[in-house]
Amino acid sequence: MAVGAEVFLSYTWSDLALARQVQSALEGAGITVFRDVDIGTFDPITQRLADALDHAKLMLAVYSRRYPTRYACQWELTRAFLAGQRAGDPRDRVLVVNPEPDESHIEPLELEDAGYLSAPGGRLDAAALVARVKAKLAAGDGPIGASRSTRRPHLPERVLRNRRFVGRHREMWRAHSELRAGHARAVRRPVASRVAVVRGFTGTGKTWLAEQYAFLFQDAYPGGVFWADLSGAARAEDAVSLFGTQLKEVAVHDLRLDVEGVEAARLRPLVARHLTDEGEDVLWIVDDLPPGMTGEVFEELVVGSPRVHVLATSRESVEGWGGPVVEMAGLSELEAQELFDYDWIDLSPADREAVSRLVVRCGGHPLVLATTSGSLRNSQGAGDDHVAVALDRASGTVVDALRLRIAELPADVLAVLATATVLSAAPFTRDLLVRALMSTFGAETESVVSRALDVLDDRSLIQRLDRVGRVVGPQSWQVHMLVVEAVRHEVQVDVLDACRRTVAGVLLDVLGDAGNEAPYRHARELARLDVVPTDLRVRLLRSVTGFHRERADPLPADDAATALLDVKRAAGLDGVDDLLLGARTALEAGHFDVAYHRGLRACELAVADDNFRAEYRARFLTAQACDHLGRYDRADEVYRHHPRARRAAGPPRWMPEDERAAVEVAEVVSLRVRGEVGEALDLATDLVSRLPSGTRHDRLDGAWSNAMIELARLQLAAGEVLKARRTSAELVEVYRKEKATEHARSQLAVVLHAEAQLHVAFREMPSRRKVWDRAVREISALHAQNAHRYGDDNPLTLQSAVLEAKALLDNSRIDEARELLGRLEPRIVRVLGADHPLAHRARFHVGSSYQLKGDMPPAIAVYRELLPRQVATLGRQHVDSLVTRLQLGVCLTAMGEPAEARPLMAEALSGLRRQFGWAHEPTMQAYLATAFGMLPGPALRTLHRLVRLLGP
């Protein structure tokens with residue numbers, strides 16, 4: 001029985017006689033055996049047990065029908081099976097003795113297929129057993145634990161806590177088979193992620209299954225287990241935002257990644273790349289998918305790496321997703337009896353029959369069975385048939401069973417539970433409960449809450465999330481939605497409404513000091529309720545909006561701002577400050593039409609109140625929205641040419657310094673998107689010289705870094721490529737020194753620097769061909785790197801891909817460029833839309849590829865189709881529109897149609913001359929080869945001749 005025995009014997013107490021036969025037969029043949037005699041049904045696994053299993057060479061399981069219902073047996077089996085799986089074949093490490101008449105209860109299938117030893121009715125063939133064990137031991141290569149990773153996986157505390165868990169072995173093994181299918185040898189290549197969904201009705205134990213799987217199968221995931229709790233998401237769209245927030249927390253606190261300034265679109269691929277590079281398999285639990293989940297949205301909750309295995313739980317089918325699903329049925333009669341054994345050491349035959357009747361009545365619902373078992377705990381000893389009678393009277397529905405348990409609670413415990421249900425949208429702390437109940441219990445609140453939480457935890461009415469390893473820090477708790485429903489039946493509505501109002505008031509005091517998102521989730525949910533006073537709802541939603549804006553989460557920020565405006569509108573309130581806030585969040589979220597209408601309404605209110613400062617801000621925000629919508633005339637009407645917004649020298653002096661700087665940067669952006677490059681460049685150059693860059697915020701997220709990005713863009717646009725290279729290189733170095741290379745602006749600066757390098761090389765191409773070739777290779781490498789880091793559909797990847805297509809065209813690799821563009825265009829349209837400037841530039845390249853080949857008709861067709869779309873979205877005088885017009889004229893001239901070509905080229909050259917001047921003619925050609933123009937080499941030479949012919 002000492003640790004270090006050759007065979008580890010795993011069995012249940014119901015099979016003790018057969019286990020003793022096995023031990024006697026093996027020890028009689030000189031084989032050492034470890035058989036545990038101390039562990040109970042739900043006892044934690046001891047280090048002594050783990051050491052004994054790891055030092056053994058073979059695990060022998062007496063695999064009866066009751067075997068998989070025992071927690072310790074599941075742990076032993078999975079540990080040995082996974083060890084064998086890592087070494088090659090799990091059947092080399094596990095041998096089964098089956099005392100049942102068939103093998104239908106044996107999981108996983110590999111053990112059933114291993115040619116188990118049959119021992120029906122406990123009749124053991126000792127000689128066959130000894131021969132089989134000796135053969136296994138002779139073929140074994142070291143102890144079971146030899147192949148275990150020395151790096152222990154990170155496990156969330158919720159996974160490590162003790163739990164009453166029975167059954168579900170089939171579901172766990174099926175989930176494991178689906179998640180590990182890509183790792184079967186010679187079966188298939190690794191895929192981006194392995195994903196399985198555990199589906200079952202509410203309360204069937206989906207979360208418990210995920211927790212138990214994570215614990216029992218942790219050796220399969222040495223890279224760790226990560227958890228995303230989506231229980232606070234009411235809609236599928238909310239789940240994406242909630243997942244993104246939790247993903248960021250994992251990236252920062254668990255993976256130690258610097259993700260400051262990394263936008264949501266890049267966060268998932270960034271984490272995926274890190275996990276892929278680490279080379280260790282990880283498990284990602286995505287718990288409680290909300291109703292209405294579609295396959296398309298579900299994909300946004302998957303970290304796409306061949307090292308990531310995703311186990312999701314859901315109450316419903318995921319529409320449009322054809323992946324594997326593990327169905328959660330009710331517990332069997334045998335599993336239910338094991339669950340009741342926790343409260344009774346021995347159930348009488350009558351009790352077991354009553355349990356079976358309850359299983360049939362409730363469909364084996366785990367929560368009904370667990371709740372009933374706990375409720376009857378104090379009935380032991382009240383008569384031989386009392387338990388059976390009580391079981392026959394027990395309700396078969398979950399909510400009714402929970403209501404019976406809740407009805408038995410003392411008044412003070414019920415008050416604590418009622419307050420806890422108000423906080424069911426997310427985990428909450430004990431301290432928050434104390435603050436919410438202080439007005440009810442006064443000086444006794446601390447002791448009342450502590451005692452009540454113990455009672456509720458013991459009766460499975462509340463769930464503690466940080467039981468293991470928590471020495472300091474707040475306790476964290478959560479309430480199941482079925483408990484919430486039962487409480488709503490047992491507690492009067494006015495009492496719950498009073499709790500909601502009290503908690504809402506308490507949250508206002510704690511939000512500013514909150515170190516995580518959970519209190520803001522509570523605030524968001526309470527703000528939905530009409531029973532909470534309007535002023536509280538408004539203040540809560542303002543706090544939620546500010547929280548998400550500070551974290552650079554534009555979509556949830558705008559969602560909260562929208563709710564804020566809806567609450568005020570329903571109450572007949574229409575304050576200008578909140579409308580301005582809503583216009584800002586809509587702009588940041590890319591909802592430009594919404595921003596436009598909110599800005600207009602704010603402007604109307606400000607004018608009515610003669611509030612000039614609010615009016616100025618409203619006009620400015622409205623104009624920004626118009627510029628992004630391509631409505632430049634309307635932007636001029638509302639802001640730039642309006643007498644109440646016109647200013648002689650910059651924003652008004654009454655503005656705070658940081659807001660003035662933001663306005664000036666926004667003015668540069670407005671001029672750039674309109675194509676007024678010269679004016680924008682002058683303003684950006686002056687702005688960068690004046691803005692401070694002393695603080696880390698200024699360098700990374702402030703107006704200075706924004707202005708530097710704009711300056712580099714405009715220097716490229718104006719053909720000042722050497723200056724653009726210096727500006728972008730300076731910005732890249734700043735982010736490198738700050739160790740923020742993954743910041744969104746850092747990545748954009750890298751792309752701008754690559755563009756500048758490309759065009760410097762292009763300008764010097766006749767004398768330095770090697771420089772040009774190297775620049776093309778660097779652009780291609782940048783595209784490949786971005787695709788690897790962020791995925792093919794990331795906007796940064798698409799931008800670098802378009803730049804690579806331009807480089808290939810200018811290097812006369814026309815077929816390669818066209819093939820790349822053929823793959824690119826559909827992705828750009830799908831991700832960014834057909835009228836995005838990048839989509840226009842890619843289309844322009846297609847026309848250039850025909851033009852370079854001398855195939856003018858299709859080039860003309862492309863340019864003719866593209867030009868009106870550019871004019872509609874960018875404006876007639878935008879540089880991109882001018883260049884397309886010029887190239888259309890060049891192609892028409894080549895086709896012998898000068899009458900149509902001449903006005904096109906004249907208008908184009910007039911516009912270019914107005915913006916850049918003739919002094920910039922050589923650099924203008926380089927600029928036209930950038931992302932704003934992207935002309936191929938021969939066309940540039942043609943343009944050069946045309947400029948000489950048509951110049952003044």
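We now turn to the structure provided with this report.

**Focus on the packing of helix H9 (residues 236-254) against helix H10 (residues 264-278)**
Describing two packed helices takes the angle between their axes plus the distance from one axis to the other. Put simply, H9 and H10 touch, their axes get as near as 10 Å, and they point 40° apart. When the interaxial angle is binned, H9 and H10 end up oblique. Note on packing geometry: the crossing formed by H9 with H10 is left-handed. Of the residues in H10, those touching H9 at Phe243, Gly244, Leu247, Lys248 and Ala251 are Leu267, Arg268 and Val271. Across the contact of H9 with H10, the residue classes break down as 5 nonpolar, 1 polar and 2 charged.

**As for the environment of Arg256**
Note that Arg256 resides in the loop between H9 and H10. For Arg256, a relative accessible area of 67% corresponds to the exposed category. A polar atom in the side chain of Arg256 sits 3.5 Å from the backbone oxygen of His253.

**Some details on the sheet that holds strand S12 (residues 463-464)**
Taken together, the 3 strands give an open sheet; going across it, the order is S11-S13-S12, and neighbouring strands pair in antiparallel fashion. Of all the strands in the sheet, just strand S11 (428-429) and S12 have a single pairing partner and so form its edges. Bridge count between S12 and strand S13 (residues 476-478): 2 bridges; the pairing is antiparallel. Within S13, the residue paired with Arg464 across the bridge is Trp477.

**With respect to helix H1 (residues 16-28)**
The first and last C-alpha atoms of H1 sit 18 Å apart over 13 residues, in line with the 18 Å expected at 1.5 Å per residue. Regarding H1, the residues found buried are Leu16, Leu18, Ala19, Val22, Gln23, Ala25 and Leu26. On its buried face, H1 is in contact with strand S1 (7-10), strand S2 (33-35), strand S3 (58-62), strand S4 (94-98) and helix H5 (126-139). Of the residues trailing H1, Gly30 is marked for its positive phi of about 85°.

**Notes on the packing of aromatic side chains**
Per the stated rule, a full pass over the model turns up 15 aromatic pairs. Seen from their ring centres, Phe81 and Trp173 are 4.8 Å apart, and the 70° between their planes marks the pair as edge-to-face. Residue Phe81 is located in helix H3 (residues 71-87), and its partner Trp173 is located in helix H7 (residues 169-179); the two are separated by 92 residues in the primary sequence. Look at Phe81 and you get buried, because its relative accessible area is 1%. For Trp173, a relative accessible area of 4% puts it in the buried group. Considering the side-chain rings of Phe620 and Tyr639, the 5.6 Å spacing of their centres and the 65° angle between planes classify their relative orientation as edge-to-face.

**Some words on the pattern of salt bridges**
For side chains bearing opposite charge, pairing can occur when the charged atoms are close. Scanning the model with the defined rule gives 48 salt bridges in all. The residue Asp281 makes a salt bridge to Arg307 at a minimum N-O spacing of 2.9 Å. Taken together, the residues span a long stretch of sequence, with Asp281 in the loop between H10 and strand S8 (282-289) and Arg307 in the loop between helix H11 (295-298) and strand S9 (308-314) at a distance of 26 residues. Residue classification places Asp281 among the buried positions, given a relative accessible area of 5%. Overall, Arg307 belongs to the partly exposed group, its relative accessible area being 29%. For Glu733, the salt bridge goes to Arg736, with nearest N and O atoms at 2.4 Å. Of this pair, Glu733 and Arg736 both sit in helix H33 (residues 721-737), 3 residues apart, roughly one helical turn. Taken together, the salt bridges that share partners define one network made up of Asp636, Arg640, Glu667, Glu676 and Glu679.

Rules of the game
Residues numbered from 1 in each chain as written. Predicted model: local features only at pLDDT ≥ 70, side-chain atom pairs only at ≥ 80, totals over all residues. Heavy atoms only, no water. Axes fitted to C-alpha atoms, helices over the stretch in contact; angles between N-to-C directions. Helix = DSSP H or I, 4+ residues; strand = E, 2+ residues; numbered from the N terminus. Parallel < 35°, antiparallel > 145°, perpendicular 65-115°, else oblique. Left-handed = near helix turned anticlockwise from the far one by under 90°. Contact = heavy atoms within 4.5 Å. Nonpolar A, V, L, I, M, F, W, Y, C, P; charged D, E, K, R; others polar. Buried < 20%, exposed > 50% of the residue type's maximum accessible area, 1.4 Å probe, protein only. Polar contact = N/O pair within 3.5 Å; in protein donor to acceptor, adjacent residues only side chain to side chain. Pairing = 2+ DSSP bridges. Expected span 1.5 Å × (residues − 1). Phe/Tyr/Trp six-rings, centres within 6.5 Å; stacked < 30°, edge-to-face > 60°. Salt bridge = Lys/Arg side-chain N within 4 Å of Asp/Glu carboxyl O.

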